[in-house]
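Fold and geometry: a report
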Amino acid sequence: MRRTAHVWAAVTGLISAAAVLAAAEIIAIFAGAATSPVFAVGSLAIDLAPPGVKSFMIAVFGTGDKAALLVILGILVVALAALAGILEYRRPPFGLVVLVLVSGIAVLAVTTRAGASGLSGIPTVVGMIVGVLVLRMLARRLRAWTASAAEPVPLGAQTGLDRRRFLTAAGITALVAAFGGVIARAMNAAANAVSAARDAVVLPAAATPAPAVPASADLGLEGLTPYITPNEDFYRIDTALQVPALATDNWKLRVTGLVDQPVEIGWDELLALPLEEHVVTLACVSNEVGGDLIGNAVWLGYPIREILKKAAPQAGADMVLSVSTDGFTAGTPLEALQDEGRVALLAVGMNGQPLPVEHGFPVRMVVAGLYGYVSATKWVTELRVTRFADAEGYWTPRGWSALGPIKTESRIDVPRAGATVAAGKVAVAGVAWAQHTGVSKVEVQVDGGDWAEARLAGTTGVDTWVQWVYEWDAPAGQHTLAVRATDASGATQTDVQAPPAPDGASGWDTVRVTVS
Ligand SMILES: Nc1nc2c(c(=O)[nH]1)N[C@H]1C(S)=C(S)[C@@H](COP(=O)(O)O)O[C@H]1N2
Ligand SMILES: [Mo]
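Remember, it's a predicted structure, so these values are computed and weren't measured experimentally. (Residues numbered from 1 in each chain as written. Chains lettered and ligands numbered in written order. Predicted model: local features only at pLDDT ≥ 70, side-chain atom pairs only at ≥ 80, totals over all residues. Heavy atoms only, no water.)

1. Notes on the overall build of the chain
If you tally the helices and strands in the chain, you get ten helices and 19 strands. Here the C-alpha radius of gyration of the chain, 30 Å, is well above what a compact globule of 516 residues would show, namely 24 Å. Structurally, the chain occupies a C-alpha span of about 90 × 65 × 50 Å along its principal axes. Here the chain, with 516 residues, has 48% of them falling under the buried criterion. When the 36 basic and 44 acidic side-chain charges of the chain are each reduced to a single mean position, those positions are 16 Å apart. (Helix = DSSP H or I, 4+ residues; strand = E, 2+ residues; numbered from the N terminus. Rg over C-alpha atoms; globule rule 2.2 N^0.38 Å. Buried < 20%, exposed > 50% of the residue type's maximum accessible area, 1.4 Å probe, protein only. Lys, Arg positive; Asp, Glu negative; His and termini not counted. Charge placed at Lys NZ, Arg CZ, Asp CG, Glu CD.)

Below is the structure:
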């Protein structure tokens, strides 16, 4: 009955191949859907196929040539997997060698795709390791079974401990690989579809452009945070394990709740409205004093105030609960969103591009002067007009304040904490912010002495941070530098230290440096 054993050996190869793909797909959910090996291998085959093969495929299969290619590749992979299973059963470790070689081709395929990096291969490498472990384990159990049965057994005959152990292991790995792989593949396909939808977006020009960023906004000092934060460097905070995949054609925003006129607006309608551009510094309530959960961008969007006007909120309403597709909610004072003098956008663009998927594509909120957790809902699809007495944003029952105005703060970027600098003129510099009010003054203190005023760089307005620099005549020794900001209303940043919870950290940013 060697035949039966060989059939099972081929099956162990197929299960191992499924495990490779499933593990790679699952890791690709986190590493980025584009790192999944399935289509990368197909694309590599298309790129490498000689022209004759390509035209043959098109002649035979027409527009189905790509599907046909995937089927052919699939058959090839199944055959190689079965071969690996049989080899590992009869001549270990040659089955593992085949598995590693085939997976190695897949690694090559993902890492050589356009826009790929060496790290793109990680999901497939993890998949390969999982596959090797699965194949080795199953082949061992199969050998144990066939060895213990004096006569290797036909399918469905004779029970025995070794047989049961093999079948259980094979069954469980097959199920886990199938379920995990299918679900992960579907998630990665959705993510790929969204990045394609984002690539297809052409944003309209702003009817009201942002003021040009003055050259004076960037002091151009080494180590100082740039005035505008590039999208790829922008901090990211959300509760989404996987970034929501929300396409533009099925995006719509509903304004519901305590309104006279419920409103519904689609993507095309939103883009057709006169959009405005504003430079706003977004900040996270979890930012520690001196921390970097803050960033400044040019946002393109439509004023939420105008959408609320159409909906006509009813008397008694005092909160807008914005709802994301991922279940996140933020409670924003209705007043702040209706205020003619406050920037509050339904944003579609960030620094001249469609919102990056992880920053809320296709639409998010941006409200000047309020921490993100009470205002900056990403992937937003509903504005529910309600009352603070009746509703709570996501973080409020989790110990954070219902209201989250941003606290005036300042940060020292250079010199870095613990740095050693040469005695003489030292530029002490950083950023300070008091969104919606503006920063009027930044002061630096050395070793607890008198406060000296720093020079402020330019800005586009009160909603952004401002760079500052203080020319320090640094004497040799150990020194402690502190910074504080004063807002345009004359209020100076408190020295009272508070942790981020429940409503934002406070205190002075302090760095110790050595002057030699
Ligand atoms: N859907 C959704 N939107 C969200 C969040 C979230 O968890 N889910 N986090 C909020 C918080 S706490 C902050 S600070 C900002 C961060 O926006 P960013 O990731 O674009 O910097 O998004 C806000 N919007
Ligand atoms: Mo946040």
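2. Here we look at the nonpolar core
Core analysis: the largest hydrophobic core is formed by 71 residues, its most contacted members being Leu253, Val255, Leu270, Trp299 and Leu346. By size, the runner-up hydrophobic cluster in this structure holds 21 residues, among which are Ala454, Val466, Tyr470 and Ala485. (Core = buried A, V, L, I, M, F, W, Y, C linked by side-chain atoms within 4.5 Å.)

3. Focus on the site of ligand 1
Around ligand 1 sit 19 residues in total, of which Tyr235, Thr239, His359, Arg364 and Lys378 are the nearest. Between ligand 1 and Ala376 there is a distance of 3.0 Å, counted from a nitrogen atom to a backbone nitrogen or oxygen. Against a free-state accessible area of 530 Å², the protein chains account for coverage of 98% of ligand 1. A class-by-class count of the residues in the shell around ligand 1 yields nine nonpolar, five polar and five charged. (Near = heavy atom within 4 Å. Polar contact = N/O pair within 3.5 Å; in protein donor to acceptor, adjacent residues only side chain to side chain. Areas by Shrake-Rupley, 256 points an atom, 1.4 Å probe, with all protein chains shown as cover. Nonpolar A, V, L, I, M, F, W, Y, C, P; charged D, E, K, R; others polar.)

4. Brief notes about unusual backbone geometry
That bond from Pro92 to Pro93 is cis: its omega, 5°, falls within 30 degrees of zero. Examined against the element boundaries, Pro93 turns out to sit in the loop between α4 (65-90) and α5 (94-111). For Ala312, which is not glycine, the phi dihedral falls at a positive 55°. Relative to the helices and strands, Ala312 resides in the loop between α9 (304-311) and β5 (319-324). The class of Ala312 is partly exposed, set by a relative accessible area of 26%.

5. A short note on a nonpolar patch on the surface
Among the surface-exposed residues, Phe56, Val60, Phe61 and Ile72 lie close enough to one another that they form a single nonpolar patch of about 380 Å² accessible area. Ranked by residue count, the leading element in the nonpolar patch is helix α3 (residues 51-61), at three residues. Along the chain, Ile72 turns up in helix α4. (Patch = residues over 30% accessible without salt bridge, like charges linked within 9 Å, V, L, I, M, F, W, Y side chains within 5 Å. Salt bridge = Lys/Arg side-chain N within 4 Å of Asp/Glu carboxyl O.)

6. Thoughts on the domain arrangement of the chain
Per the domain assignment, the segments of the chain are domain 1 (2-192), domain 2 (215-398) and domain 3 (409-515). Computed over C-alpha atoms only, the centres of domain 1 and domain 2 are separated by 43 Å. (Domains from an automatic or database assignment.)

7. With respect to the pattern of salt bridges
What the rule picks out here adds up to 13 salt bridges. Note that Glu382 and Arg384 form a salt bridge whose closest N and O atoms lie 3.0 Å from each other. According to the relative accessible area criterion, Arg384 is partly exposed, its value standing at 34%. Connected through shared salt-bridge partners, Arg305, Glu306, Lys309 and Glu340 make up one network.

8. What to know about the sheet that holds strand β11 (residues 409-414)
Pairing is antiparallel across the open sheet formed by four strands, whose spatial order is β11-β13-β17-β16. Strand pairing shows two members of the sheet lacking a second neighbour, β11 and β16 (455-456), which therefore form its edges. As paired strands, β11 and strand β13 (residues 424-433) are joined by five bridges and run antiparallel to one another. Following the sheet pairing, Arg411 is matched in β13 by Val431. (Pairing = 2+ DSSP bridges.)

9. Looking at empty space enclosed by the protein
Considering all chains together, one arrives at two cavities of 30 Å³ or more under this definition. A volume near 100 Å³ is recorded for the largest cavity. Lining the largest cavity are 14 residues, with Asn287, Glu288, Glu409, Trp433 and Ala505 positioned closest to its centre. Here the lining of the largest cavity is built from residues that sort into seven nonpolar, four polar and three charged. Taken together, domain 2 (215-398) and domain 3 (409-515) each give at least three residues to the lining of the largest cavity, which thus spans both. (1 Å grid on protein atoms, 1.4 Å probe; cavity = no way out; pocket = protein on both sides within 12 Å on 5 of 7 lines; lining within 4 Å. Points joined across faces, edges and corners; volume = space filled by probe spheres on them.)

10. Remarks on the pairing of strand β7 (residues 344-350)
In terms of burial, β7 is a largely internal element, seven of the seven residues being buried. Where strand β4 (residues 294-303) meets β7, five bridges bridge the pair, whose relative direction is antiparallel. Of the residues in β7, the one forming a bridge with Pro303 is Leu345. Strand direction decides the pairing type here: β7 and strand β9 (residues 364-367), joined by four bridges, are antiparallel. Bridged to Ala347 within β9 is Arg364. Relative to strand β8 (residues 353-354), β7 runs antiparallel, the two being bridged by two bridges. By the bridge assignment, Met350 is partnered in β8 with Gln353.

11. Remarks on the layout of surface pockets
Its boundaries defined by the atoms lining it, the largest pocket holds a volume of some 1,100 Å³. Of all the secondary structure elements, the ones that give two or more residues to the lining of the largest pocket are α1 (2-31), α2 (37-48) and α7 (161-200). Looking at the lining of the largest pocket, the element that brings in the most residues is α7, giving eight residues. When its residues are assigned to classes, the lining of the largest pocket shows 21 nonpolar, 14 polar and seven charged. Mapping the lining of the largest pocket onto the domain boundaries places at least three of its residues in each of domain 1 (2-192) and domain 2 (215-398). Approximately 770 Å³ is the volume attributed to the second largest pocket. Around the second largest pocket sit 28 residues that line it, and Val41, Leu73, Gly74, Val77 and Val102 are the ones nearest its centre.

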